[in-house]
Amino acid sequence: IDKPEGMWNDEYLTWKIANAKLGADFFAALKTNCHAPLHYLYLKLWMLIFDDSDKMLRLSSLVPGVLGIVVMYFAALEYKKKEGINTALATAFVCAISSFLIYFSQEIRIYSLTFFITSLVLLYAFRIFNNPSKKNFTIYSIFSLCLILTHTIGFVFVFFSTAALFVFAVPKKKAKDFLLLSILGVFILALPFVPLIAKILFKTGYFSQWWAPFNFSRTLFLFTDVYSPVLNDTAHIFNTFSDAFYKNGAVNVGYFIFAIIPTLIGLTCFVNGILNPKKIQGY
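Residues numbered from 1 in each chain as written. Predicted model: local features only at pLDDT ≥ 70, side-chain atom pairs only at ≥ 80, totals over all residues. Heavy atoms only, no water.

A. Structural context of the pattern of salt bridges. One pass over the structure, following the stated rule, counts four salt bridges. K55 is paired through a salt bridge with D2; the nearest N and O atoms lie 3.9 Å apart. Linking K55 in helix α4 (residues 54-80) with D2 in the segment before α1 (9-19), this pair joins segments that are 53 residues apart in sequence. The class of K55 is partly exposed, set by a relative accessible area of 46%. Take D2: its relative accessible area is 55%, and that puts it in the exposed class. In this structure, R127 engages E78 in a salt bridge whose closest nitrogen and oxygen atoms are separated by 3.6 Å. Of this pair, R127 sits in helix α7 (residues 111-130) while E78 is found in helix α4, placing the two residues 49 residues apart along the sequence. (Salt bridge = Lys/Arg side-chain N within 4 Å of Asp/Glu carboxyl O. Helix = DSSP H or I, 4+ residues; strand = E, 2+ residues; numbered from the N terminus. Buried < 20%, exposed > 50% of the residue type's maximum accessible area, 1.4 Å probe, protein only.)

Put into structure tokens, the structure is as follows:
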């Protein structure tokens, strides 16, 4: 997290918004950004407790990134219950070597916090499956709202997670009550943020993130980014996939071992899981 080059553009903008004077200036800065407000509030609180040096700001991403791995361990344990220790350890291991999580746990951005809150939503979704109590529903609803207020893509996760709970976890006699209570609960919790969200969504100068030009060769990085701890496409390290493992007459042995081989293993297991539905969980 000690990067000599300092912040890049998006990190600087994140700091600038969170660093605005608490009150009218802070909320005015929030309204100029395309992202939901919770991360900026979190970072604001972090800077009030600690400071805004580069190291401390990056630590604000590292902490939820690491905690998310722990929560995913317990989510997997909840999924499999007593016999799920191997599943839990495997889940934590896969999260710990995730190239995306490693990368964004070093950045002053919203993504590691998004992962952490998503893992909490998943944990309580599994707890509802095992014990559909009011306490679990309430905590699940609170974390779901936090996720929506952290990143707009959170809505997609919450929507399908809640739909799964509604179909599979809620007794048919209570389904109607659960649906109404969920809608009412989210509506009440979200009321204070409605004016801010409305202004962000309907602002005429809405800012949209720009993506790198499409490249057929670079699409292969999608697989190595998912299956290995080496992140390429977000960091834009190589222009083409062939450059990643062979350039200037030399083979990149490290990339072959830590990216190509894990990806081949991952894809093989993925295909075998599809072809053998009964063994899909093992794969």
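B. Just the side chain of R58, in detail. For R58, the location among the structural elements is in helix α4. From its side chain, R58 meets the backbone oxygen of G6 in a polar contact 3.0 Å long. Excluding anything up to four places from it in sequence, R58 contacts I1, K3, G6, M7, E11, S105, Q106, E107 and I108. (Polar contact = N/O pair within 3.5 Å; in protein donor to acceptor, adjacent residues only side chain to side chain. Contact = heavy atoms within 4.5 Å.)

C. Region of interest: the nonpolar core. With 17 residues, the main nonpolar core has F116, I128, Y140 and L165 as its most contacted residues. It is α7 that provides the largest number of residues to this core, a total of nine residues. Look past the residues within four positions of I128 in its chain and what remains in contact with it is N136, F137, Y140, L165 and A169. In this structure, I69, M72, A92 and L101 belong to the second largest nonpolar core, which totals eight residues. (Core = buried A, V, L, I, M, F, W, Y, C linked by side-chain atoms within 4.5 Å.)

D. Representation of a nonpolar patch on the surface within the structure. Where nonpolar side chains cluster on the molecular surface, the patch consists of F245, Y246, V251, V253, F256, I257, F258, I261 and I265 and spans about 850 Å² of accessible area. Examining the composition of the nonpolar patch, we find that six residues originate from one element, helix α14 (residues 253-275), more than from any other. The exposure class of I261 is partly exposed, given its relative accessible area of 33%. (Patch = residues over 30% accessible without salt bridge, like charges linked within 9 Å, V, L, I, M, F, W, Y side chains within 5 Å. Areas by Shrake-Rupley, 256 points an atom, 1.4 Å probe, with all protein chains shown as cover.)

E. How the structure looks around the packing of α7 against helix α8 (residues 134-148). Relative orientation of the contacting elements α7 and α8 amounts to 155 degrees, with a least axis distance of 9 Å. Considered as vectors, α7 and α8 are oriented roughly antiparallel to each other. The hand of the α7/α8 crossing is left-handed. Within the contact between the two elements, α7 uses T114, I117, T118, L120, V121, Y124, A125, R127 and I128 and α8 uses N136, F137, I139, Y140, F143, S144, C146 and L147. Along the lines of polarity and charge, the residues of the contact of α7 with α8 split into 12 nonpolar, four polar and one charged. (Axes fitted to C-alpha atoms, helices over the stretch in contact; angles between N-to-C directions. Parallel < 35°, antiparallel > 145°, perpendicular 65-115°, else oblique. Left-handed = near helix turned anticlockwise from the far one by under 90°. Nonpolar A, V, L, I, M, F, W, Y, C, P; charged D, E, K, R; others polar.)

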